[in-house]
Amino acid sequence: MSSSSTGIAYLLGFFAIGLLSYRVFQNWQRGKTTVFKLFFYLGAIFAFFMLICAIAGLFFATNAQILRLVVIATAFSQSFIFAITAYLVSYIKFPKISPWYASITFLIFGLAAVILTIAIPFQ
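Here the residue index of a chain counts from 1 through its sequence in written order. Where totals are concerned, whole chains, interfaces and linings use all residues; where local detail is concerned, this predicted model gives features only for residues with pLDDT of at least 70, and gives and counts side-chain atom pairs only at 80 or more. The side-chain quantities take in all heavy atoms of the structure and omit both hydrogens and water.

### Focus on the overall build of the protein
Of the regular secondary structure elements, the protein holds 4 helices and 0 strands. When the helices and strands of the protein are listed from N to C terminus, the series reads α-α-α-α. Overall, the protein is about 50 × 35 × 15 Å in size when its C-alpha atoms are taken along their principal axes. Throughout, exposure labels follow a simple rule: accessible area from a 1.4 Å probe, protein chains only, divided by the maximum for the residue type, with under 20% read as buried, over 50% as exposed, and the rest as partly exposed. Across the 123 residues of the protein, 31% fall into the buried class. Contacts: residue pairs with any heavy atoms within 4.5 Å of one another. For the protein, restricting intrachain contacts to residue pairs at least 6 apart in sequence, the fraction spanning at least 24 positions comes to 67%. Each accessible area is a Shrake-Rupley result for a 1.4 Å probe, and residues are judged covered by the shown protein chains and nothing else. Accessible area for the protein stands at about 8100 Å²; split by element, carbon and sulfur atoms hold 74% of it. Numbering goes from the N terminus for both helices and strands, where a helix is a DSSP run of H or I of at least four residues and a strand is a run of E of at least two.

### Quick word on the packing of helix H1 (residues 5-31) against helix H2 (residues 34-59)
Lines fitted to C-alpha atoms define the axes here, with helix axes fitted over just the stretch in contact, and angles between the N-to-C directions of these axes take values from 0 to 180 degrees. In contact at an axis separation of 8 Å, H1 and H2 are set at 160 degrees when each is read in the N-to-C sense. Judged by the inter-axis angle, H1 sits roughly antiparallel to H2. Viewed along their axes, H1 and H2 form a crossing whose handedness is left-handed. When describing relative orientation, an angle under 35 degrees is termed roughly parallel and one over 145 degrees roughly antiparallel, while 65 to 115 degrees is termed roughly perpendicular and anything else oblique. Put simply, a crossing is left-handed when the front helix is turned counterclockwise from the back one by less than a right angle, and right-handed when it is turned clockwise.

### Focus on the confidence of the model for the protein
Note: predicted coordinates in regions of low pLDDT should not be interpreted at a detailed level. Taken as a whole, the protein shows an average pLDDT of 91; of its residues, 98% reach a score of 70 or greater. When mean pLDDT is compared element by element in the protein, helix H4 (residues 99-119) scores highest at 94, while H1 scores lowest at 92. Values of pLDDT, the confidence the predictor places in each residue, fall between 0 and 100.

### Brief notes about the nonpolar core
Residues belong to one nonpolar core when they are buried, are Ala, Val, Leu, Ile, Met, Phe, Trp, Tyr or Cys, and are joined through side-chain atoms within 4.5 Å. Counting residues in each nonpolar core, the largest one holds 11 residues, listed as Ile-17, Leu-38, Leu-42, Ala-47, Phe-49, Met-50, Cys-53, Ile-81, Ile-84, Tyr-87 and Leu-88. Looking at this core, the elements with two or more residues in it are H2 and helix H3 (64-93). Element by element, the count of residues in this core is highest for H2, at 6 residues. Setting aside residues no more than four positions away along its own chain, Leu-88 makes contact with Val-35, Leu-38 and Phe-39.

### Some details on a nonpolar patch on the surface
Taken together, the side chains of Ile-55, Phe-59 and Phe-60 present a nonpolar region at the surface, about 260 Å² in accessible area. Its location among the elements puts Phe-60 in the loop between H2 and H3. The exposure class assigned to Phe-60 is partly exposed, which follows from its relative accessible area of 32%. Each patch is built from salt-bridge-free residues with over 30% relative accessible area, joining like charges within 9 Å and nonpolar side chains (Val, Leu, Ile, Met, Phe, Trp, Tyr) within 5 Å. In the sections that follow, a salt bridge refers to a side-chain nitrogen of Lys or Arg positioned within 4 Å of a carboxyl oxygen of Asp or Glu.

### So, the packing of aromatic side chains
Side-chain rings of Phe, Tyr and Trp (the six-membered ring for Trp) are treated as a pair once their centres are within 6.5 Å; stacked means planes under 30 degrees apart, edge-to-face means over 60, and tilted covers the remaining angles. Counted under the stated rule, the structure contains 11 aromatic pairs. Seen from their ring centres, Phe-25 and Phe-40 are 5.0 Å apart, and the 50 degrees between their planes marks the pair as tilted. Of this pair, Phe-25 sits in helix H1 while Phe-40 is found in helix H2, placing the two residues 15 residues apart along the sequence. Take Phe-25: its relative accessible area is 29%, and that puts it in the partly exposed class. Given a relative accessible area of 18%, Phe-40 falls into the buried group. Consider the rings of Tyr-87 and Trp-100, whose centres lie 5.1 Å apart with planes at 70 degrees: the pair is edge-to-face. On the criterion of sequence distance, the pair formed by Tyr-87 in helix H3 and Trp-100 in helix H4 is long-range, its members being 13 residues apart. The buried category is assigned to Tyr-87, whose relative accessible area is 14%. Each member of the aromatic cluster is reached from another via a ring pair, and the members are Phe-25, Trp-28, Phe-40 and Tyr-41.

Pasting the structure below:
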């Protein structure tokens, strides 16, 4: 079983983002604002992304089948990360326009990328 240094870096990033999202969660519980809620969701999904990559890099660095599943899972989680980021930016910068338009647009593009990731063969 071989591991990569990337897996260690993702594991350290998971702990850092996990602690950050926990602090944002505490602020969200105190303030009950939409911005803190969105930052918490963003941090939690990003920490989940980092955990998936850390497990794959540490334990399955040479298994091509599991790495393919990891690429698909991370593309799926990244589509939600980008959708939440689009919602957050739209919510803050353009308060008169519904942020759902930007969020749904990015989510559709992200899910299309996931479908293409599944459909295109790996080499």
